[in-house]
Amino acid sequence: MRVKICGITQPQQSIAIASLGATALGFICVPDSPRYVTIAQIRTAITPIPQNIDKIGVFADTTISEISQVVTESGLTGVQLHGEETPEFCHQLRQSLPQVEIIKAFRVRSLEHLQTTGNYTDYVDTLLLDAYHPQQLGGTGQTLDWHKLNQEFSPSLPWFLAGGLTPDNILTALAQTKPNGIDLSSGVEHSPGDKNLAKVALLFERLANSSVVSG
Ligand SMILES: O=C(O)c1ccccc1NCC(=O)[C@H](O)[C@H](O)COP(=O)(O)O
């Protein structure tokens, strides 16, 4: 299972989190976020990271040229679109960055909203479901209704579960849903952007000892 730790701002934490077992590291490229990092910071953080670990930039409602510039100059291997980007936008982005994984995030407001994920199937590689918060785009610590999700969501693309996941609730979440990956941010932090490495280690310990996690 893929495990993405998102909202990393410190190069040393990037190295430590990769060593603990993360398969993907997430960097917030949304200027309003307290976890925002510049191109130079991303480059410094990912240079020592092994090639097999995905390096994902998180963007929201920005332009294709802005995303392309950040990806090209920083060395990111994937892009997570966390705003209201349309299928057409994703299609254009794919043409600009054909080698880069595109993850479309959905801040789930209702079960009806989940059905819109089907419109993106031909244009993105991966889906990510996050909890909705009226004032914040991400990193909110709010959880989804995992039980309902299990009943209503069976996408044709691989998907990440996000939203309020912690070392304490991860096994409950995975007992109720069957994502291809998980994405955590505030649940493994001291404060926004400062990851709590003890919590990250506890997360991987619990995943390793669990029978609900496979592959
Ligand atoms: O984390 C942010 O500050 C952020 C800001 C703007 C857009 C997206 C953002 N985070 C996206 C993520 O991938 C988070 O990992 C995801 O929202 C889950 O966060 P959490 O509930 O804290 O685990």
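Residues numbered from 1 in each chain as written. Predicted model: local features only at pLDDT ≥ 70, side-chain atom pairs only at ≥ 80, totals over all residues. Heavy atoms only, no water.

The criterion, for reference: UniProt positions are given in the numbering used here, feature names are shortened, and annotations may be inferred rather than shown by experiment.
The name recorded for the protein in an unreviewed UniProt entry is N-(5'-phosphoribosyl)anthranilate isomerase, from Dolichospermum circinale CS-537/01. As its UniProt record puts it under Sequence similarities (unreviewed entry), the protein is described as follows: "Belongs to the TrpF family." Quoted straight from UniProt, the Catalytic activity (unreviewed entry) entry for the protein says "N-(5-phospho-beta-D-ribosyl)anthranilate = 1-(2-carboxyphenylamino)-1-deoxy-D-ribulose 5-phosphate".

1. Points about the packing of helix α3 (residues 64-74) against helix α4 (residues 87-96)
In plain terms, the rule: Working convention: axes come from line fits to C-alpha atoms, limited for helices to the stretch in contact. Angles between N-to-C directions cover 0 to 180 degrees. The numbering of helices and of strands both runs from the N terminus, where a helix is a DSSP run of H or I of at least 4 residues and a strand a run of E of at least 2. Any angle from 65 to 115 degrees is called roughly perpendicular, while one under 35 is roughly parallel, one over 145 is roughly antiparallel, and all others are oblique. Here a crossing is taken to be left-handed if its near helix is turned anticlockwise relative to the far helix by less than a right angle, and right-handed if that turn runs clockwise. Contacts were defined at the residue level, with two residues in contact if any of their heavy atoms lie within 4.5 Å. Side-chain classes follow a simple rule in which Ala, Val, Leu, Ile, Met, Phe, Trp, Tyr, Cys and Pro form the nonpolar group, Asp, Glu, Lys and Arg form the charged group, and the remainder, Gly included, forms the polar group.
Put simply, α3 and α4 touch, their axes get as near as 10 Å, and they point 40° apart. Between α3 and α4, the angle falls in the class oblique. Here α3 runs over α4; the crossing is right-handed. Touching I64, I67 and S68 of α3 are F89, Q92, L93 and S96, all from α4. Looking at the contact of α3 with α4 residue by residue, the class counts come to four nonpolar, three polar and no charged.

2. So, the packing of aromatic side chains
Describing an aromatic ring pair means giving the distance of the ring centres and the angle of the ring planes. Here is the rule: Centre distance within 6.5 Å is the pairing criterion for rings of Phe, Tyr and Trp, where only the six-membered ring of Trp is used; planes under 30 degrees apart are then read as stacked, over 60 as edge-to-face, and the remainder as tilted. A ring has a charge above it when a Lys NZ or an Arg CZ is no more than 6 Å from the ring centre and no more than 35 degrees off the ring normal.
Counting across every chain of the model gives two aromatic pairs. Both rings, one in F106 and one in Y120, keep their centres 5.1 Å apart while their planes meet at 80°; by these two values the pair is edge-to-face. In this pair, F106 sits in strand β5 (residues 101-108) while Y120 sits in the loop between α5 (111-115) and β6 (126-131), placing the two residues 14 residues apart along the sequence. A cation over a ring is seen here: K104 above F106, with NZ or CZ 5.0 Å from the ring centre.

3. Notes on helix α1 (residues 11-20)
Each full turn of the α-helix corresponds to 3.6 residues, which orients residues three or four apart in the same direction. Condition: With a 1.4 Å probe rolled over the protein chains alone, any residue whose accessible area is under 20% of its type maximum counts as buried; one over 50% counts as exposed, and the rest are partly exposed. Working definition: the arc comes from the directions between the helix axis and the C-beta atoms, pointing outward to the latter.
Within α1, burial applies to Q13, S14, I17 and A18. In an axial view of α1, the angular spread of the buried residues amounts to 135°, which keeps them on one side of the axis. In α1, the exposed positions angled more than 90 degrees off the buried face are occupied by Q12 and S19. Looking at the buried residues of α1, the elements they touch are β1 (2-6), β2 (24-28), α2 (39-46), β10 (194-195) and α8 (197-208).

4. Observations concerning the layout of surface pockets
Taking a probe equal in size to a water molecule and rolling it over the atoms shows the remaining empty space. For clarity, the cut-off: Definitions used throughout: a 1 Å grid over protein atoms alone; a cavity as a set of points that fits a 1.4 Å probe which cannot get out; a pocket as an open set with protein on both sides within 12 Å along at least five of seven lines; a lining residue as one with an atom within 4 Å of a point. Grid points are joined across faces, edges and corners, and a volume is the space filled by probe spheres set on the points.
Looking at the largest pocket, its volume works out to about 420 Å³. I28, R35, L137, G138 and G139 are, among the 27 residues lining the largest pocket, the residues nearest its centre. Along the lines of polarity and charge, the residues of the lining of the largest pocket split into nine nonpolar, 14 polar and four charged. In this model, the second largest pocket occupies a volume close to 190 Å³. Counting residues per element, the lining of the second largest pocket draws most heavily on α5, at four residues. Per-class residue counts for the lining of the second largest pocket are five nonpolar, six polar and two charged.

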